[in-house]
Amino acid sequence: TVANAIADLSVEEDSGPHTISLADVFNDVDDKVSEIVKTVDLESNGSLVTASIDAATDNLVLTLVKDQFGESSIGIKGVSAGVEVHDEFIINVAAVADDPIITWFKPGAIEYGTQLGAAQLIATATFMSATGPTTGSRCSRQTVVSSPAC
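Not measured: the values here are computed from a predicted model.

Trainee: Give me the lowdown on the pattern of salt bridges, citing residues and values where you can.
Mentor: Scanning all chains against the criterion turns up 2 salt bridges. Here K38 ties to D58 by a salt bridge, and the two come within 3.1 Å at their closest N and O atoms. Note that K38 is positioned in strand β3 (residues 37–43) and D58 in the loop between β4 (49–54) and β5 (59–64), a separation of 20 residues in sequence.

Below you can see the structure in the form of structure tokens.
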């Protein structure tokens with residue numbers, strides 16, 4: 001029987017891995033609890049989370065896929081003396097605003113005393129965020145600041 005159902009879980013994206021003890025989830029009055037064989041029998045959203053059981057520790061290990069958020073159902077099956085029971089819970093992974101990753105177009109070299117071309121005056125950046133890449137605004141600069149050599 002399912003003695004202690006696993007509660008639904010809410011976590012933040014890119015956290016973990018998360019472990020849940022399975023030691024007290026199932027019970028069998030006829031056999032030792034330690035002899036109940038446990039397996040993952042449901043992962044409704046494999047692009048969000050992978051679930052595995054560490055037999056040595058009797059823990060369920062939930063590993064989140066990087067930069068993914070959403071919901072997944074996870075099912076655990078316990079088998080004892082040929083009888084199967086099932087427990088299922090939901091993991092909800094909340095989106096987290098990632099720090100932006102800025103990729104700049106690298107303009108050509110700038111030489112002192114020469115007129116700047118369009119490549120040196122206009123830069124375009126791509127920002128990576130939780131919702132995907134966004135091309136930033138174009139920016140034009142007319143002033144070049146020179147610093148002494150290090």
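Back to the text.
Trainee: Give me the lowdown on the side chain of K38, citing residues and values where you can.
Mentor: Overall, K38 belongs to the buried group, its relative accessible area being 12%. In this structure the side chain of K38 is engaged in a polar contact, spanning 3.1 Å, whose partner is the side chain of D58. If near-sequence neighbours (up to four positions away) are discounted, K38 is found in contact with L22, F26, V33, I53, D58, I76 and K77.

Trainee: Give me the lowdown on the sheet that holds β3, citing residues and values where you can.
Mentor: If you walk across this open sheet you meet the 4 strands as β1-β7-β6-β3, and the pairing is mixed. Lying at the two open borders of the sheet, with one neighbouring strand each, are β1 (9–12) and β3. Direction aside, neighbouring strands of the sheet carry axes that sit 30° apart on average. With 11 bridges connecting them, strand β6 (residues 70–80) and strand β7 (residues 83–94) associate as antiparallel partners. If you follow S73 over to β7, its bridge partner there is I90.

Trainee: Got a sec to walk through the sheet that holds strand β2 (residues 18–21)? Specific residues and values, please.
Mentor: On the basis of which strands lie adjacent, the open sheet formed by 3 strands has the order β2-β5-β4 and antiparallel pairing. Across the chains shown, the open sheet's two edge strands, defined by having one partner strand only, are β2 and β4. Within this sheet the neighbouring strands show an average axis-to-axis angle of 20°, counted without direction. Relative to β5, β2 is paired through 4 bridges, and the arrangement is antiparallel. Across the sheet, H18 pairs through a bridge with L62, a residue of β5.

Reading the values: rules and limits
Residues numbered from 1 in each chain as written. Predicted model: local features only at pLDDT ≥ 70, side-chain atom pairs only at ≥ 80, totals over all residues. Heavy atoms only, no water. Salt bridge = Lys/Arg side-chain N within 4 Å of Asp/Glu carboxyl O. Helix = DSSP H or I, 4+ residues; strand = E, 2+ residues; numbered from the N terminus. Buried < 20%, exposed > 50% of the residue type's maximum accessible area, 1.4 Å probe, protein only. Polar contact = N/O pair within 3.5 Å; in protein donor to acceptor, adjacent residues only side chain to side chain. Contact = heavy atoms within 4.5 Å. Pairing = 2+ DSSP bridges. Axes fitted to C-alpha atoms, helices over the stretch in contact; angles between N-to-C directions.

Keep in mind these values describe shape, not function.
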